[in-house]
Amino acid sequence: MPKVYTGDLTKMFDIAGKKAVIFGGAGGFGEAIAEGYAANGCSVCISSRSEEKLKEAKARIEAKAAPGVKVMYLAGDAGDEEFVKSAVEKITAPEGLGGCDILVNAQGINKKMWSWEIDTDYFEKMLHTNITSLMLTNKYFGNWMKDHNLDGDAYVKPEPGQPNLNKGYGKIINFGSVRGIRAVANGGMGNVPYNTTKGAVEMLTKAFAADLRPNIQVNAIGPTITYTPMMVGLLPPDENVRNGIAGSLPAQRIGYEIDVVGPAIFLGSAASDMVTATTIYPDGGLVATS
Ligand SMILES: NC(=O)c1ccc[n+]([C@@H]2O[C@H](COP(=O)([O-])OP(=O)(O)OC[C@H]3O[C@@H](n4cnc5c(N)ncnc54)[C@H](OP(=O)(O)O)[C@@H]3O)[C@@H](O)[C@H]2O)c1
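The following refers to the structure shown. All values reported here derive from a predicted model rather than from experimental measurement.

1. Re the overall build of the protein chain
Alright, step 1. A tally of regular secondary structure across the protein chain gives eight helices and seven strands.
Alright, step 2. Here the C-alpha radius of gyration of the protein chain, 19 Å, is about what a compact globule of 290 residues would show, namely 19 Å.
Alright, step 3. The principal-axis extents of the C-alpha atoms in the protein chain amount to approximately 55 × 45 × 40 Å.
Alright, step 4. When burial is assessed residue by residue, the protein chain has 43% of its 290 residues classed as buried.
Alright, step 5. Put simply, of all contacts in the protein chain between residues at least 6 apart along the chain, 73% involve residues at least 24 apart.

2. Considering helix α4 (residues 120-148)
Alright, step 1. Given a rise of 1.5 Å per residue, 29 residues ought to cover 42 Å, and the 40 Å separating the end C-alpha atoms of α4 matches this to within 8%.
Alright, step 2. A maximum bend of about 35 degrees is found in α4 at His128.

3. Here's the deal with the pairing of strand β2 (residues 43-48)
Two faces, one strand: in a regular strand the side chains alternate between the faces of the sheet.
Alright, step 1. A large share of β2 lies buried, amounting to six of its six residues.
Alright, step 2. In terms of strand pairing, strand β1 (residues 19-23) meets β2 through five bridges, oriented parallel. Residue Val21 lies in a different strand from β2, and its bridge partner there is Cys45.
Alright, step 3. Read as a crossover between parallel neighbours, the route from β1 over helix α1 (residues 28-39) to β2 is right-handed.
Alright, step 4. Where β2 and strand β3 (residues 71-75) come together, five bridges link them in parallel fashion. Among the inter-strand pairings, Val44 is bridged to a residue of β3, identified as Val71.
Alright, step 5. Viewed along the sheet, the connection from β2 through helix α2 (residues 51-64) into β3 turns out right-handed.

4. Brief notes about unusual backbone geometry
Alright, step 1. Here the amide bond leading from Arg213 into Pro214 is cis, since omega sits at 0 degrees, within 30 degrees of zero.
Alright, step 2. When you line up the elements, Pro214 lands in the loop between α5 (192-211) and β6 (216-221).
Alright, step 3. One non-glycine residue, Gln252, adopts positive backbone phi at about 55 degrees.
Alright, step 4. You can see Gln252 is positioned in the loop between α6 (239-244) and α7 (261-268).
Alright, step 5. What makes Gln252 exposed here is the crowd of 12 C-beta atoms within 10 Å.

5. Here's the deal with the site of the ligand
Alright, step 1. In the vicinity of the ligand, 30 residues are found, and the nearest of them are Gly27, Arg49, Gly108, Thr228 and Met230.
Alright, step 2. For the shell around the ligand, the secondary-structure elements that each account for two or more residues are α1 and α4.
Alright, step 3. The biggest single contributor to the shell around the ligand is α1, with three residues.
Alright, step 4. In terms of residue class, the shell around the ligand is built from twelve nonpolar, 15 polar and three charged.

6. Observations regarding the environment of Ala264
Alright, step 1. The topology assignment puts Ala264 in helix α7.
Alright, step 2. When the 29 C-beta atoms within 10 Å are taken as the criterion, Ala264 is described as buried.
Alright, step 3. Along the backbone, Ala264 and Asn219 are 45 residues apart, and their C-alpha atoms lie at a distance of 9.9 Å.
Alright, step 4. The residues touching Ala264, leaving out its near neighbours within four places in the chain, are Ile33, Gly36, Val104, Ile173 and Ile221.

7. Points about the packing of α4 against α5
Alright, step 1. In contact at an axis separation of 9 Å, α4 and α5 are set at 15 degrees when each is read in the N-to-C sense. In this view, α4 runs roughly parallel relative to α5, as classed from their interaxial angle. Relative to α5, α4 is oriented so that their crossing is right-handed. On α5, the residues that touch Phe123, Met126, Leu127, Asn130, Ile131, Leu134, Met135, Asn138 and Gly142 of α4 are Pro193, Tyr194, Thr197, Ala200, Val201, Leu204 and Phe208.
Alright, step 2. Among the residues forming the contact of α4 with α5, the class breakdown is twelve nonpolar, four polar and no charged.

Parameters at a glance
- Residues numbered from 1 in each chain as written.
- Predicted model: local features only at pLDDT ≥ 70, side-chain atom pairs only at ≥ 80, totals over all residues.
- Helix = DSSP H or I, 4+ residues; strand = E, 2+ residues; numbered from the N terminus.
- Rg over C-alpha atoms; globule rule 2.2 N^0.38 Å.
- Buried ≥ 20, exposed ≤ 12 C-beta atoms within 10 Å, placed from the backbone.
- Contact = placed C-beta atoms within 7 Å.
- Expected span 1.5 Å × (residues − 1).
- Bend = angle between axes of the 7 residues up to and from the residue.
- Pairing = 2+ DSSP bridges.
- Right-handed = clockwise from strand over helix to strand, strands pointing away.
- Near = placed C-beta within 6 Å.
- Nonpolar A, V, L, I, M, F, W, Y, C, P; charged D, E, K, R; others polar.
- Axes fitted to C-alpha atoms, helices over the stretch in contact; angles between N-to-C directions.
- Parallel < 35°, antiparallel > 145°, perpendicular 65-115°, else oblique.
- Left-handed = near helix turned anticlockwise from the far one by under 90°.

Here it is, written out as structure tokens:
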């Protein structure tokens, strides 16, 4: 039976006791979400390639975590299929988090290249990091949720060439961008490769939502430009000058990392059980007005 929320109305946004894996979890948005989840009682595993950055982020997340929350990390490349398979095993094992209710894909890379000088190798690297890695985590964690978050239903072994009929529940949140649906009028200083990958995240999200139905909701968050580590060197160092870039938008500022945390809690909670195959844009009105 497709799930309908019938619980306590004051608990709809409650993520306490849940278990989340956050790829890109030591990055700007990923760490902000990990902190928001842990502060609200959700255990988290953060993952990215640099073990050093993961260790430092883990300490900061633990400092803000609610009592009883487990914070762990796993270093590896989300674009490496063997690593993603092993991550599913390690995170869902009793000595890991003991399960997985929420998958967040906040990994990604960005490099500006004017169309006449696009570097094919780097373009393919961006496709691999910004799209293929999401396919791998949606595939392996999504099907783990289908097969294991059974809520008392009997497990049905999928037949080759047939859909996975298990209804296991879960939440998947993929990071797109306003650039997935809005090119920049002046070329965005060379946004063809990045925008291409973010457009693909929009459709990957919808298609996985259709495949993993009915109780796994797959959605995207599409933030506006935000001064995370990804944007250091691409945006001006002065905060007022940066916000001036968005002066004509309704919010009259660019994004801050905290702006994605509320949407991530909503999309990770029962409050969003009928929300799937869509994107939330915490963009200060950019998509609608520019
Ligand atoms: N900042 C913005 O203005 C903005 C706007 C819209 C959308 N976004 C999107 O939001 C997401 C998060 O970006 P952010 O701004 O938070 O950037 P960030 O601070 O650079 O974080 C990105 C994270 O991804 C990790 N990563 C990169 N390649 C990886 C790989 N192959 N496997 C595993 N982890 C990998 C990085 O860690 P390692 O290098 O250690 O692996 C880093 O922790 C990205 O998808 C980005 O495209 C950003």
